[in-house]
Each structure stands twice: as structure tokens, then as C-alpha cells.
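Spelled out, the chains give:
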Amino acid sequence: MIEKKPIVFLLLATVTILVGTVITMVIPFRWINDPKLAIASVKPYTPLQLEGRDIYIREGCNNCHTQTVRPLLSDVERYGEYSKSGEFVYDQPFLWGSRRNGPDLARIGGKYPDAWHVKHMKDPRSMVPRSNMPAYAFMNQPLDSSLSERKMKALNFPYTQADLDALKGKTELDAMVAYLQKVGNDIPWRKTGRAAVLGELKNPYQDNMSVLPEGKALYREHCGQCHGEELKGEVGPDLRDMDKPDAAIFGTIYSGTQAGMPGFGDSLGKDRTWKVVTYIKSVHRR
Amino acid sequence: MNQQEGYADDVVKGFITWSMVWGLVAVLVGVLISFQIAFPQLNLPPYLTYGRLRPIHTNAGIFGWGIGSFMAFFYYITQRLTRTGIWSPGLARVQLWLFNLAIALAAVTLALGMNRSKEYAELEWPVASLVVVVWVIFAINIVMTIVKRREEQMYISLWYILATLVGVAVLYLVNNASIPVSLTKSYSAYAGANDANVQWWYGHNAVAMVLTTPPLAIFYYFLPKATGVPIYSHRMGVIAFWSLIFMYLWTGAHHLLWAPVPDWVQTLAMAFSVMLIAPSWAAVFNGYFSMNGQWHQMRENYLVKFLIFGITFYGAQTLQGPSQSIRTFSAFIHFTDWVPGHVHMGTLGWVSLVLFAAIYYTLPRIYGTEIYSIRLANVHFWLVLTGQLMFSISMWIAGVQQAAMLNATNPDGSLHYSFMETMIEIYPYWHIRALGGVVYLAGLCVFLYNIWKTVAGAKTQGAAQPA
């Protein structure tokens, strides 16, 4: 019997292990990353973005943030269009992650302006009050670009001398923000995948002063980090003396803008969005 | 006096001692990061942030404590089951030094941010290569010891040991393939969805070949030793072994359900994960049936308590795991705290309880003494059991609650809660988990004290009456 022949036993065990390995891990190489499934708009990383990605890896951001949006209602509504394998062909290693101690970042690119990320990385709780993310203020240090060219060559990514020269004087934070703004943004989903506003756009709280305290509280929680507690503006513009129609303001808050304001429809819902609209309209410069 | 029947047990002592050191490090770091999640001010950038400490925690736990003790017990068990000494005690000693060097380098490089980011395969290529050297030495030494054995038949434990040796080698080499840029930086050889598929083939099968087959080898050896009666069924052992190592390697992609890898790969992974219940539970039943007529030992023999609770957590683990691999259930709990709850039932419950029993059994024997205090061993048992349950149960509840909140919708179909609103609700569970970690740590300290007193007692005995 084979229990008396260790070498035969060893070989047989190896073959047994390799069956499932070959079928589920080796054979799929034929299909995954097939050039036919490639997405033309997905581009390799620039030297600055790649340096940012390496910092993301160095800090272990993938321990808390996933980068895959599943084709499930709650994922797609919360984070945006679901992930496709063709979006990851330049990702060595992949950074899909396995646990969400923080939100998914697969569609973070273009969601916020650069200034938001800078403030958030330096002091996460200044932008997201109960966040448990560590502060990364030390990333203000100069970027070490000594390996950049070798990295681009190792990965076969195209680059120019101008790209490399542009790394001089950049900080690690610059690289990180450049990377974050690229993630998930190579397909034009943001133009098509915006949360749609359903139903009639009439403010149910027009001139209803009783909702102002709640509207103010919601504003401070969700909007104050960018537009300032007193609406004077900071990362985002000054909102005092807002003269747009209620429906237009509602649309902006609910769906966000191309200029880098995220939509709040998924977290506020319609009713609470109207309360914020009512509060913003009630504030005037004295 | 230690070298009874020509067995080289010094190296067993060495591996046990160092695995306990790394185990303590793993739990200390684990407690720290569980507090960091609840209280972010405890992150001290750049070196002591959650992002950098978490891989130190997993590597110290799985490789330092887990693999370290497996090396000890593989050497201990193999010598006795083959009735022959280690093929090369010198090589084994070299292996011990290189092993410790690798784990120490791992801790330092990870804190410095040198990290390949692939879970449980984070180490950069020079350290990873050192691990390969350690493993090759280990494999050669064990296989050669078995080849020159004096016992014709190989007992179940040796099958699991051989499967571990090849399994880990294959997994580690394939998943660590990388393109070096410098001594401290490399990129994975695979891209995107391929990289993910390779990584989770590795990631899940590390659970098979590192955290299942070795503790089973140890369980099958030490349960009969502790109870004094043989294993219930050899044939059940044969069937369970071959079906376990055949099925496990198909299941990795159940970590990638709903991710952009081909559907048929996901479906195969799900099907094989569910089928895996059979061989897993065959081992559980083999353990339980071996206790027929012996259940009174649960009260009288503290070793049996550790072993039977260990295999019971293995049983619970191998029901929960396959359930999680079902698409609908995965859609709900994946990416939530349910999963750390599950993982820690396996590592703190199954693997560690079996290892504690093996250490309690082995150390007094190779030092020629008695355990210092059985009462303290019982205190240790209850503390680690309580700590583990606090951890797992709080995380299961947190996971289900967060999943429910993440899925809640308003009448108009929009989501009811933002991500942050769901997260704020689970802070209290994170406090309970951190507390559970402290209780477990207390249990571990009782264990280490008991072992230290046992060994110190042996040394004074030995000095009093020189052989």
C-alpha cells in the first residue's frame, strides 16, 4: 500500500493537489485579461500615479478599503458602476482588498476635488467626523522618485522624460492624490452612472421655517467640511446668497457635479436633501 | 537524558520556545490594532499604523506561531512515528535560526512599509526567498527521516505532514512570483483579475495547507496519546485525507464571488466549498468517535479538553466557511466584520487550542518533568475560550448588523444609510472585540507562566540530580 511508500505517497498527494489548482487557477489564465475584453479607455499609470499607488501599497490601505464594486444594488447605489475585469489589466498587484473598515474606493477617482483629499489625508476627522482612519500628515515629505524609471520599465508602461522630470518637487501626498483621482475613472461611468432624480422637483418645505434646525444639522454633518460651517466656502464655493432655483440646488446635492462634488442622494435620500436645500436658501450675507 | 532513543529533541524545544515568542507578539499586535480600529488616535504614523501593523499581526500569527509550532511538532511526531532520529539535526538547527531570522526580518520590513500587499504573502522578495530556503531544508529533513524510518507503516499524521510540505511549497512559489525593481520593491508577476485569482487560490489554500493539515496531523497524533485509546477509524482517516486535499484546492475563488473573475470559476469554488463539509466533518467525527467511552476524560484530563474543544471549533468553522461561500450569503456578509469573527474562531479556537494541548503534552516529556500546574492550565483554557468567544460573537453580530444597514433602502429605492452611519453603529462591538483580545492575552500570559515554571522546575531538578 502507498502508506508504506513515502515517495510514491508524496507524488500522489502532489498530483491530487494540482488537479483543482490547474482547473481553477491555471486554465483561467486563458480567459481572464483576454485582449478581446480589453477596454480601450483604460490606460497604464503615469509615473506620478504609480508612485502614489506604491505609497497606497506601502501604507496597507488595501487592508481597509476594497476596490471592487459588486453588481449588487447596495454596492452599485453606494459606490457607482460595478467593476469589470478589463479595468484592472495594468494592476500588478491587484488591490481589490477583502474587508471594508472604510468605504470602497473603486470609484473614488473624480468624486472629490484634490483639495478634499489633501485635507482628508492630513486629518481624516476634519472631513469625516467619526472616521477611524489614521492621519497621514507625514506624507507632506518629498517624493522619492529614484526608482520611478525602473518601475515604469519593469511594468512596461509608456513614459516620457518630461513625466519623470515632473516628479521633482512633488510630495508623497501629491502622488497619492494623483493615484486616487485615477482609480476607477478610466471608464466614462460618472457621466452615465449618476444617481437619477426621480419624481416631481418641488420643494415640499418651501418657506417652512420649522425644518431649518434639522437642515442646518444635516448641512454641518455632510456639507460643512467643504463649504465651511458658515457657508463661506473653502474646498467648495461660497453658498451664501444662493440664487439658483430650489430644484437646481436639489439636483446638485442629490447627484453631484462634474466639477468634483459627490452626490449625496444615496446617503441623504430625497426628503433630507430638501431640508438641506431649504436651509441653504435661508442663509444670506449680512 | 533528553536524547531518549536517539531522538533530537533540542530542536523541538527551540521551535516551541520561539513559536511561543512569536505567538505572544501576534496577540500583542492584534490587541493593539483592535484598539486602533476603535480609537484611531492610537495609530502612530508612519511605522505604527493599522495598515502596516495588520500584516505583522497575521504573519506573526500564521507563520511565527503557527508554522513555528508545526515545525516543532512535525519533528517531534515524525521521529516517534518512524522510530528514528531526525535525518540531520544540524540542518534542523540551521532551519531554526533561519526561520527566526525570516520572521524577525518580516516584522521589521513590514513596519518599514516594504510590502507586496498580497494577503499572507506580503513579504518582499528577499525575505520571501529566505522563507523558501527554510522550507526546502525542512522538507528535505522530514522526508529523509521518513525514508529511513524503522516503522514500515506511515500513520495518518505523516500523510498530513507530507501533504503540508508539498502544498505549502507549490502555493508559496506560484503566488510569490514577482518582478523585482530593487532589493525592497517588486511587482506581482500577474495582473488584475489573474493576480486576484492566483492570490485567493493561495490565500484560501494557506488555510488548507498551513492551518488545517498541520493541526490535523498534530490532533491525530496527540488525541490518542492524551486519551490512551486509538483513533476510531483508520479507513475514515484515509478517505477524509484524500478527499480533503483533493477538494480544498478548488475553493479559493469563493473569496471572489461577485468580483470580475469568470462565473464558472466562482461556481466551481462555491460547489467544492460546500462539498468540503464532508471530509472536514469526517475528521471531526473521527475525533468524537475516538472518545466513545472516554468522555469522562473531558472532566479529568485537561489535555482532552483543549483537543476536543479545538476539533469542535474546527467543526463549527467548516460549517460556517462553506455557508459563507454560498453566493447569496456572501453577498450579505462579505467585506463585513463577520469574516474576522470567522477567521479568529479558526485561528484562536481550532489551531491554537490544539497547539496548546500539544505543547502541554510535549514539553514536560522532553524535559523529563511534570506540568507545573494543571489548575493554571484550566484557568488558561477558560480565559482563551472566553476571549475567543467574545471576539467571534461580537464580530458576527457586528457583521450582520452592518450588512443589514448597508442593504436598507428607502421607499423610493435610495439607500437608507451612508457608509459612515453604518460604521458608527459598530464602534461598541469593536470595543467588545478589543476587550476579548485582552482576555485572550491574559490567558496566553497564564499559559506562558505555567510553561516557564515547568521548564524552570525541570532545570533545577536536573541540577539537583545529575544523570
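Residues numbered from 1 in each chain as written. Chains lettered and ligands numbered in written order. Predicted model: local features only at pLDDT ≥ 70, side-chain atom pairs only at ≥ 80, totals over all residues. Heavy atoms only, no water.

## Things to note about the overall build of chain B
For step 1, the next point in the chain: Across its full length, chain B carries 17 helices and 2 strands.
For step 2, the next point in the chain: A globule of 467 residues ought to have a C-alpha radius of gyration of about 23 Å, and chain B, at 22 Å, matches this closely.
For step 3, the next point in the chain: Along the first, second and third principal axes, the C-alpha atoms of chain B reach 80 × 50 × 50 Å.
For step 4, the next point in the chain: When each of the 467 residues of chain B is scored for burial, the buried share is 65%.
For step 5, the next point in the chain: Excluding contacts between residues fewer than 6 apart, the proportion of contacts in chain B whose partners are at least 24 apart in sequence is 82%.
For step 6, the next point in the chain: With an accessible surface of roughly 16000 Å², chain B has 71% of that area assigned to carbon and sulfur atoms.
For step 7, the next point in the chain: With 22 positive and 16 negative side-chain charges, chain B shows a spacing of 11 Å between the two charge centroids. (Helix = DSSP H or I, 4+ residues; strand = E, 2+ residues; numbered from the N terminus. Rg over C-alpha atoms; globule rule 2.2 N^0.38 Å. Buried < 20%, exposed > 50% of the residue type's maximum accessible area, 1.4 Å probe, protein only. Contact = heavy atoms within 4.5 Å. Areas by Shrake-Rupley, 256 points an atom, 1.4 Å probe, with all protein chains shown as cover. Lys, Arg positive; Asp, Glu negative; His and termini not counted. Charge placed at Lys NZ, Arg CZ, Asp CG, Glu CD.)

## Some thoughts on helix α3 (residues 89–111) of chain B
For step 1, the next point in the chain: Over its 23 residues, α3 of chain B extends 33 Å from the first C-alpha to the last, a length consistent with the 33 Å expected when each residue adds 1.5 Å.
For step 2, the next point in the chain: Along its buried surface, α3 of chain B packs onto α1 (10–38), α2 (50–82) and α4 (125–147) of chain B. (Expected span 1.5 Å × (residues − 1).)

## Observations regarding the interface of chain B and chain A
For step 1, the next point in the chain: Of the residues lining the interface, 95 residues belong to chain B; the matching set on chain A comes to 86 residues.
For step 2, the next point in the chain: A combined buried area of about 7800 Å² lies between chain B and chain A, and 65% of that area is made up of carbon and sulfur atoms.
For step 3, the next point in the chain: When the buried surface of chain B facing chain A is broken down by residue, Y187, F335 and L415 of chain B rank first, second and third, together holding 11% of it.
For step 4, the next point in the chain: Along the contact surface separating chain B from chain A lie 4 salt bridges. (Buried area = accessible area lost by both parts, 1.4 Å probe. Salt bridge = Lys/Arg side-chain N within 4 Å of Asp/Glu carboxyl O.)

## Details of the pattern of salt bridges
For step 1, the next point in the chain: Enumeration according to the criterion identifies 32 salt bridges over all chains in this entry.
For step 2, the next point in the chain: With a closest N to O distance of 3.5 Å, D104 of chain A and R100 of chain A form a salt bridge.
For step 3, the next point in the chain: Its relative accessible area of 5% is what places D104 of chain A among the buried residues.
For step 4, the next point in the chain: With a relative accessible area of 6%, R100 of chain A lands in the buried category.
For step 5, the next point in the chain: With a shortest N-O distance of 3.7 Å, D238 of chain A and R285 of chain A are connected by a salt bridge. Placement of D238 of chain A in the loop between α11 (224–227) and α12 (246–255) and of R285 of chain A in the segment after α13 (265–282) is noted, with a sequence separation of 47 residues between them.
For step 6, the next point in the chain: The class for D238 of chain A is partly exposed, based on a relative accessible area of 29%.
For step 7, the next point in the chain: R285 of chain A gets classed as partly exposed once you look at its relative accessible area, which sits at 47%.
For step 8, the next point in the chain: Taken together, the salt bridges that share partners define one network made up of E51, D54 and K151 of chain A together with K185 of chain B.

## Thoughts on the domain arrangement of chain A
Residue and element names in this part refer to chain A.
For step 1, the next point in the chain: Per the domain assignment, the segments making up chain A are domain 1 (2–32), domain 2 (47–182) and domain 3 (195–285).
For step 2, the next point in the chain: On a C-alpha basis, the centroid separation for the pair domain 2 and domain 3 is 29 Å.
For step 3, the next point in the chain: Tallying the contact residues gives 12 residues for domain 2 and 8 residues for domain 3.
For step 4, the next point in the chain: Overall, the association of domain 2 and domain 3 removes approximately 800 Å² of surface from exposure, summing both partners, and the carbon and sulfur fraction of that is 60%.
For step 5, the next point in the chain: Between K119 and E234 there is a salt bridge, and its shortest N-O distance comes to 2.9 Å.
For step 6, the next point in the chain: Joining domain 2 to domain 3, the criterion identifies 1 residue pair in polar contact (both at pLDDT 80 or more).
For step 7, the next point in the chain: Looking at the side of domain 2 that touches domain 3, the elements with two or more residues in it are α3 (73–79), α4 (114–122) and α5 (124–127).
For step 8, the next point in the chain: Considering every element that reaches the side of domain 2 that touches domain 3, the biggest residue donor is α4, with 3 residues.
For step 9, the next point in the chain: The residue inventory of the side of domain 2 that touches domain 3, partitioned by class, reads 6 nonpolar, 2 polar and 4 charged. (Domains from an automatic or database assignment. Polar contact = N/O pair within 3.5 Å; in protein donor to acceptor, adjacent residues only side chain to side chain. Nonpolar A, V, L, I, M, F, W, Y, C, P; charged D, E, K, R; others polar.)

## A few points about the UniProt feature "transmembrane region" (unreviewed entry) in chain A
For step 1, the next point in the chain: Annotation from UniProt places "transmembrane region" (unreviewed entry) at residues 7–31 of chain A.
For step 2, the next point in the chain: Helix makes up 80% of residues 7–31 of chain A and strand 0%, whereas the separation of the span's terminal C-alpha atoms amounts to 36 Å. (UniProt positions renumbered as here; feature names shortened; annotations may be inferred.)

## Concerning the UniProt feature "domain: Cytochrome c" (unreviewed entry) in chain A
For step 1, the next point in the chain: UniProt's feature table lists "domain: Cytochrome c" (unreviewed entry) at residues 47–184 and 210–284 of chain A, given in the numbering used throughout.
For step 2, the next point in the chain: The distance separating the terminal C-alpha atoms of residues 210–284 of chain A is 18 Å; by composition the span is 57% helix and 0% strand.

## Considerations on the state of the cysteines
All names here are of chain A.
For step 1, the next point in the chain: Evaluated as defined, the whole model comprises 0 disulfides over all chains.
For step 2, the next point in the chain: Of the cysteine sulfurs around C61, a residue in no disulfide, the closest is that of C64, at 8.5 Å.
For step 3, the next point in the chain: A residue is classified by how much of its surface remains accessible, and C61, at 13% relative accessible area, is buried.
For step 4, the next point in the chain: Residue C223 stays outside any disulfide, its sulfur separated by 8.9 Å from that of C226, the closest cysteine. (Disulfide = S-S within 2.5 Å.)

## A closer look at the packing of aromatic side chains
Residue and element names in this part refer to chain B.
For step 1, the next point in the chain: Taken as a whole and assessed by the stated rule, the structure comprises 56 aromatic pairs over all chains.
For step 2, the next point in the chain: Members of the aromatic cluster, connected to one another through ring pairs, are W65, Y302, F306, F309, F356, Y360, F381, W382 and F447.
For step 3, the next point in the chain: For the cation-ring pair, R80 lies above Y76, with the distance from its terminal atom to the ring centre recorded as 3.7 Å.
For step 4, the next point in the chain: Directly above the aromatic system of F381 lies the positively charged group of K305, at a separation of 5.3 Å from the ring centroid. (Phe/Tyr/Trp six-rings, centres within 6.5 Å; stacked < 30°, edge-to-face > 60°. Lys NZ or Arg CZ within 6 Å of the ring centre and 35° of its normal.)

## Examining the packing of α1 of chain B against α3 of chain B
Residues and elements named next belong to chain B.
For step 1, the next point in the chain: Two numbers describe how α1 lies on α3: the axes approach to 10 Å, and their chain directions differ by 10°. The angle between α1 and α3 falls in the class roughly parallel. Each of V11, G14, F15, W18 and W22 in α1 lies in contact with α3, whose residues at this interface are A92, R93, Q95, L96, F99, N100, I103 and A104.
For step 2, the next point in the chain: Within the contact of α1 with α3, the residues separate by chemical class into 9 nonpolar, 3 polar and 1 charged. (Axes fitted to C-alpha atoms, helices over the stretch in contact; angles between N-to-C directions. Parallel < 35°, antiparallel > 145°, perpendicular 65-115°, else oblique.)

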